[in-house]
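Listed here are the chains, written in short residue letters.
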Amino acid sequence: MAADMADTAENYTRLCLVRGAFARRRLDSALAELFPQTSRARWQKIIADGGVTLRGGVCARASAPLRGGEELALRADDGGNSADSDANCAPEDIALDILYEDDEMAVINKPPGLVVHPGRGNRGGTMQAALLFRFPQTALLPRAGIVHRLDKDTSGLLAAAKTARAQMRLAAQFQKRTAGREYLALVFGEPPQTGVVDRPLGRSRRDPTKMAVREGGRRALTRFAVEARWRGFALLRCFLETGRTHQIRAHLEHLGCPLAGDASYKRRARALPFPLSRQMLHAETLRLRHPQSGGECEWKSPPPPDMRAALARLDADYR
């Protein structure tokens, strides 16, 4: 199996797990979704050049069908790196608030404003660059071991692996939806006390930088419960059942209760009574099984100062 190759073949060290949802999908299509920073055309070239192993052997057919559940091993100089974000990401000495660390993984409390991965307009100053500096061994891993992401202006908990096997096992928990994530979201409006938004998300036809509820999108499910209320505002605890791009932001906009401070997803929002520099969304709780021991772990992070200040302002003036 590809998992064993991480120990025996130096040229193939980047592992990823193909979740069941990819069954009957083409190899190139699945890789383009698993590593969206690399185009499908680029993956076709990497595959043709022998850069991917499937079920223990090199696979040179981009159209090879997947069963779901396989482990892919990617060549050390590929794996979503060549001419893409990993190749252009250099280590940078950026301070990180590390809540937990061992030989296998770390949990970081991300501040608002820190970009997770390099991208257009954000080549430097990223969490990926900070991890490469703090943990040089993660240079052998896709995305420096990061297994999920937060938007630039979303604060809170994010997990990163330090070894290929840990990355594979952590990523599997997000792919299989066994990882637990809870977010605090300050929203406009009067949402019901509890609720579920189970609506598919896809790229907005009006604005391709945004996600939108639309037919033909991928299933997305967000549960929520009200933690506190003020006149015209509510603090929600959101539970992610799926992990789509901008899921909470798009679902809350669809609900008619957009995030306070969100400059993109603001349908039905009204003018803020006090300034906010970013959307009020914070990843407060993260639950995972440890990639080595298998034990259940939970981490919590209180909201950062700007969000606490907004809540205090509401307590003072909007009860």
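Refer to the preceding data block for the structure.
The present account deals with the structure reproduced in this document. Everything numeric in this text was worked out from a predicted model, so none of it was measured.

### Brief notes about the pattern of salt bridges
Any two side chains of opposite charge can pair, given that their charged atoms come close. Here the structure, examined in full by the defined rule, presents 20 salt bridges. Residue Glu-190 pairs with Arg-229 through a salt bridge whose shortest N-O separation is 3.7 Å. Taken together, the residues Glu-190 in the loop between strand E8 (180-188) and strand E9 (194-198) and Arg-229 in strand E12 (residues 221-230) connect sequence positions 39 residues apart. Residues Glu-241 and Arg-223 are paired through a salt bridge, measuring 3.1 Å at the closest nitrogen-oxygen approach. In this pair, Glu-241 sits in the loop between strand E13 (233-240) and helix H6 (247-255) while Arg-223 sits in strand E12, placing the two residues 18 residues apart along the sequence. For Glu-241, a relative accessible area of 33% translates into the label partly exposed. A residue is classified by how much of its surface remains accessible, and Arg-223, at 37% relative accessible area, is partly exposed. The network of salt bridges with shared partners includes Glu-182, Glu-227, Arg-237, Glu-284, Arg-287, Glu-298 and Lys-300.

### A few points about the pairing of E9
Going residue by residue along E9, you find Gly-195 and Val-197 tucked away on one face and Thr-194, Val-196 and Asp-198 left uncovered on the opposite face. As paired elements, E9 and E12 share five bridges and run antiparallel to each other. Bridging from a neighbouring strand, Thr-194 pairs with Ala-225 of E12.

### Side note on the nonpolar core
Counting residues in hydrophobic clusters, the biggest one holds 34 residues, and the most contacted among them are Ile-108, Leu-131, Tyr-183, Ala-185, Val-187 and Leu-236. Where this core is concerned, the elements lending two or more residues are strand E6 (105-110), helix H4 (127-134), strand E7 (155-161), E8, E12, E13, H6 and strand E14 (281-289). The element contributing the most residues to this core is H4, with five residues. Those residues within four positions of Leu-236 in sequence are excluded, and the remaining contacts are Tyr-183, Leu-184, Ala-185, Val-187, Pro-191, Phe-224, Ala-225, Val-226, Glu-227 and Leu-252.

### Describing the environment of Asp-306
Considering the arrangement of structural elements, one finds Asp-306 in helix H7 (residues 305-317). In the structure, Asp-306 is positioned 28 residues away from Arg-278 in sequence and 9.2 Å away in space, judged by C-alpha atoms. Apart from the residues lying within four places of it in its own chain, the contact partners of Asp-306 are Pro-112, Arg-278 and Met-280. One polar contact links Asp-306 to Arg-278, side chain to side chain, over a distance of 2.8 Å.

### Some words on the side chain of Arg-278
Counting through the fold element by element, Arg-278 comes out in the loop between H6 and E14. For Arg-278, a relative accessible area of 3% puts it in the buried group. Looking at Arg-278, its side chain comes within polar contact range of the main-chain oxygen of Asp-153, at 3.0 Å. Among residues more than four places away in sequence, those in contact with Arg-278 are Pro-112, Asp-153, Thr-154, Ser-155, Ala-260, Gly-261, Pro-304, Asp-306 and Met-307.

### Focus on the packing of helix H2 (residues 27-34) against helix H3 (residues 40-48)
At their nearest, the axes of H2 and H3 sit 9 Å apart, and the two run at 120 degrees to each other. Taken together, the axes of H2 and H3 are oblique relative to one another. The chirality of how H2 crosses H3 is right-handed. For the pair formed by H2 and H3, the contact residues are Leu-27, Asp-28, Ser-29, Leu-31 and Ala-32 on the first element and Arg-40, Trp-43, Gln-44 and Ile-47 on the second. Residue composition of the contact of H2 with H3, grouped by class: five nonpolar, two polar and two charged.

### What to know about the environment of Asp-102
Looking at where Asp-102 falls in the secondary structure, it is placed in the loop between strand E5 (98-101) and E6. Along the sequence, Asp-102 and Ala-161 sit 59 residues apart, while their C-alpha atoms lie 9.7 Å from each other. A polar contact of 2.8 Å, which involves the side chain of Asp-102, links it to the backbone nitrogen of Glu-104.

Rules used in this analysis
- Residue positions are given per chain, counted from 1 along the sequence in the order it is written.
- Under the rules for a predicted model, residues below a pLDDT of 70 receive no local features and side-chain atom pairs below 80 are neither given nor counted, while totals for whole chains, interfaces and linings still include all residues.
- For side-chain calculations, the full set of non-hydrogen atoms in the structure is used, while hydrogens and water are omitted.
- The salt bridge definition used is simple: a Lys or Arg side-chain nitrogen within 4 Å of an Asp or Glu carboxyl oxygen.
- Secondary structure elements follow DSSP: runs of H or I of four or more residues count as helices, runs of E of two or more count as strands, with numbering from the N terminus.
- Categorising residues by exposure relies on relative accessible area from a 1.4 Å probe, with only protein chains included: less than 20% of the type maximum marks a residue as buried, more than 50% marks it as exposed, and the intermediate range marks it as partly exposed.
- A strand pair is defined by DSSP finding two or more bridges across the two strands.
- As used in this record, nonpolar core signifies buried Ala, Val, Leu, Ile, Met, Phe, Trp, Tyr and Cys residues forming a set joined through side-chain atoms within 4.5 Å.
- By definition, residues are in contact when any of their heavy atoms lie within 4.5 Å.
- Within 3.5 Å is the distance limit for a polar contact, defined as a pair of N or O atoms, with the added protein rule that one can donate a hydrogen and the other accept it, and that residues adjacent in sequence qualify only through two side-chain atoms.
- Fitted lines through C-alpha atoms give the axes, limited to the stretch in contact for helices. The angle between two N-to-C directions lies from 0 to 180 degrees.
- Orientation is classified from the angle alone, with under 35 degrees giving roughly parallel, over 145 giving roughly antiparallel, 65 to 115 giving roughly perpendicular, and any other angle giving oblique.
- By convention, the crossing between two helices is left-handed when the near helix turns anticlockwise from the far helix through less than a right angle, and right-handed when the turn is clockwise.
- Classification convention: Asp, Glu, Lys, Arg as charged; Ala, Val, Leu, Ile, Met, Phe, Trp, Tyr, Cys, Pro as nonpolar; all other residues, Gly among them, as polar.

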